[in-house]
Amino acid sequence: MRKIGNVILDDTCYQGRDLYTDGAIEDEMLEIARNVSPDRFNKVIGEKKSWPILYHFSHIRENILSWMPFTGKEKVLEIGSGCGAVTGALLGGAGEVTCIDLSMKRSEINAWRHRDSEKLKILVGNFQDVEKKLTEKYDYITLIGVFEYGEAYIQSQDPYVDFLKIIRKHLKPDGKIVIAIENRFGLKYWAGCTEDHFGTLFEGIQGYPSTKGVKTFTVKELKKIFREAGGFESTWYYPFPDYKFPMTIYSDRRLPRRGELNRTEYNFDRLRMELFQESAVYDSILDNDLYPQFANSFLVVIGQDKFETETAYIKYSNERDPRFNILTQICQKPDGSHYVQKLPTGSKAEAHVSNIYDKGQALAPLFEKEKLYVNSCEKVSYGVKLEYLEGISLEEKLDTLLKEGQLDEAESLLFTYLHKAERLYGSQDFKESPEFIQVFGQAGLPEGLKGGRLADIDLVPANILLGKGKDWVLDYEWTFDFCVPAHFIMYRMLHYYLESDGKRHVLKNRDLYEKAGISREEQEIYAKMEQHFQKYMVGKHIPMLSLYDEISPGKLDVMEYYDRIRGCGDERKLQVFFDRGQDFQERDSFKYPMTRRGLCIDIPVPAGTRRMRLDPGEVPGGFKISRIRWRDLGRAAFHTNGFALGDHCYYFGGGDPQIILENVPREAEILTLELEALKEQEAVKEFWSRFAREENEKNAQIQDLKAQLKQKEAQIHEMENTKAWKLYRKLKPEGKGASSKKQE
């Protein structure tokens, strides 16, 4: 047993070597934990641009538990604590934290990063060995990304059930087990993300046919395990995008709404495919009340009794400058009523949260001019408490109209609120102020713009609630008491609706910015203003998403590839044109499907056909015309625009091949055609071989002709020097005149 700082590191059950390790990267992580303070971890993540560093040191990892209703008195057992990515959330809320982990190296990393805590103890060793020596009873036992390894922890016929039975012995009577785990049926796995533990496509959704040792589960499967382990009551939460890096946590009491699930940058560790547009599928899933079955991850709290907490929804906004990091919760009281609270995630953000109340008070009379209302807000000791309102957001309403194909109605509705913003914030002549420049930069805006003070720049469709007889503005966190151009607020309304979800791109070709009076020059300036605002909001913090391109292996857009291949498939059709006295025309043609190998087909010949043209589409290797015959009339004469390779094979060089049949017999009724696609490499090789051979033959012919010409020239020269030729030249009449005189 030893101490690292204030942390007790108990190695009583440690077997002397780490059975699980990620190799040299753990040495690097140990150095970071020793030498870098937690408030500088984000800077290191930005410098290293490494998946393991991001995964183990990102503060977002703590979001999964930092909202839990700890009172500061609880005893918590964290099983599988690893490098302590989540331990900090427990230390921030509970009274005592005991960790168990198999790896000494990882336990040292955990201890070093939390060395100032006096309430942390780490037990190093195999769970089955450590568990036998536990004497405490715990209020909470956590399994964050651990339960799926039950087969490795417990060697039995039913390891996952037995795992919970063993853990249950160490719970207080009213204690709870907290499990965070991937959903085997999570939508991201259907959409092309690899299984998290094995890195293979579709392994989980197929039931792990080729792997063993780790398993994730569906809702039904987990409920069965909970039931068989002792009849646990369960409360379900759904972290999004997943439990590893949750920015929003939903529950059965507050499920997602249309348009909220539009993030696909999950794959920082492995390459993924994009098989479909997830946001549109999520909306369809929500419409059919199936979200729990397809959530990417679960956070489940189980116990002898139901887990009771008012919190039904958690949204983190903590990828910002510490001055602006907040947490939004929707809470439900025992009587069924709801309220919203916004909390600072650290002391530096307390003033920012407190100012939300003041902003709401100032905005209320202004918004009422346009029949917009601010939900009531009150200051409380821990932040601000706001009225919870029912209804659908303007964003949801617009999405519904788009889904129904009512584009004109969607545009009209959107412009109703754009005009409201223009009237609210278009009453003053805009002039840049020092405060404006601090937030939005020196924009260099054109003269003559109108603006307004008390500018709620987040007046976007997602923050406007369409209630019964009243429209409400839900979020006015980013309101500034200096003049901001009305067009910038309108630009953000359009930008954050159109650009945040691919399914809304159908409105893009409608020139909505120009219709709103926002010139292209302004759009470019407002885009730069928005970038400056984001920098102001983020400060020196490096958001995780900003590192996606540098850390992630990226995405394969399968739909784009499919469309390209399908396009090739479209080219692989035989189009037959019939000239019945008006030349070849599109309307007098038929298309026949072709395989990649070619086709064999009988083509009916319409009466009156004089000529036919066969267009097999783009064929890189060319064709062998194995058969081309008139039924009962014999072989059909034809010519092509291809290069003859012999044996009825033709190469077209990747162009548009054509087979022309002139003088179609009047009695022709059926043309039998058999085409065989040639392999491109072989056809190209044969083409160049034959081309070179023909070129050589032509060159030889040219040289032979030149030699013959030279011989003829020599003969002429010899003849011109004879006496007879010289006498002939003297006697030969010269020109027309001589001839005329002779005739006279």
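Bear in mind that the values here come from a model prediction, so they are computed numbers and not experimental data. (Residues numbered from 1 in each chain as written. Predicted model: local features only at pLDDT ≥ 70, side-chain atom pairs only at ≥ 80, totals over all residues. Heavy atoms only, no water.)

**Here we look at the overall build of the protein**
- Scanning the protein from N- to C-terminus turns up 24 helices and 37 strands.
- Radius of gyration (C-alpha) of the protein: 39 Å, far over the 27 Å computed for a compact globule of 744 residues.
- Looking at the 744 residues of the protein, the share that counts as buried comes to 50%.
- Taking contacts inside the protein between residues at least 6 apart in sequence as the whole, the part at least 24 apart equals 71%. (Helix = DSSP H or I, 4+ residues; strand = E, 2+ residues; numbered from the N terminus. Rg over C-alpha atoms; globule rule 2.2 N^0.38 Å. Buried < 20%, exposed > 50% of the residue type's maximum accessible area, 1.4 Å probe, protein only. Contact = heavy atoms within 4.5 Å.)

**Let's talk about the confidence of the model for the protein**
- When pLDDT is averaged along the protein, the result is 91, and 96% of the positions lie at 70 or above.
- Per-residue pLDDT stays below 50 along residues 736–744; that stretch engages in one contact with residues further than four places along the chain or on separate chains. (pLDDT = per-residue confidence, 0-100.)

**As for the packing of aromatic side chains**
- Counted according to the given criterion, the structure contains 45 aromatic pairs.
- Taking the centre distance of 6.1 Å and the plane angle of 70° together, the rings of Phe638 and Tyr650 count as edge-to-face. You can see Phe638 sitting in the loop between strand E32 (634–635) and strand E33 (639–640) and its partner Tyr650 sitting in strand E35 (residues 649–651), a full 12 residues away along the chain. An identical accessibility class is assigned to Phe638 and Tyr650; each is buried.
- Over the aromatic face of Tyr55 sits the side chain of Arg61, whose NZ or CZ is 4.0 Å from the ring centroid.
- The ring of Phe232 carries the charged tip of Arg168 above its face, separated from the ring centre by 4.4 Å. (Phe/Tyr/Trp six-rings, centres within 6.5 Å; stacked < 30°, edge-to-face > 60°. Lys NZ or Arg CZ within 6 Å of the ring centre and 35° of its normal.)

**Side note on the sheet that holds strand E36 (residues 659–661)**
- If you trace the five strands from one edge of the open sheet to the other, you get E28-E27-E30-E36-E33, paired in antiparallel fashion. Across the chains shown, the open sheet's two edge strands, defined by having one partner strand only, are strand E28 (589–593) and E33.
- Judged from the five bridges that link them, strand E27 (residues 573–579) and strand E30 (residues 611–615) form a sheet pairing that is antiparallel. For Phe577, the partnering residue across the bridge sits in E30 and is Arg613. (Pairing = 2+ DSSP bridges.)

**Considerations on the environment of Gly46**
- Residue placement: Gly46 occurs in helix H2 (residues 41–48).
- For the pair Gly46 and Pro543, spaced 497 residues apart in sequence, the C-alpha separation works out to 8.7 Å.
- Every residue in contact with Gly46, bar those within four places of it in the chain, is listed here: Ile542 and Leu547.

**Thoughts on unusual backbone geometry**
- Between Phe240 and Pro241 the backbone carries a cis peptide bond, its omega angle lying at 5°.
- Mapped onto the elements of the fold, Pro241 is located in the loop between strand E8 (233–240) and strand E9 (248–251).
- The backbone phi angle of Lys371 is positive, close to 55°, even though this residue is not glycine.
- Examined against the element boundaries, Lys371 turns out to sit in the loop between helix H13 (350–368) and strand E15 (372–374).
- Residues other than glycine seldom take positive phi values, yet Asp583 does so here, at roughly 65°.
- Looking at the secondary structure, you find Asp583 in the loop between E27 and E28.

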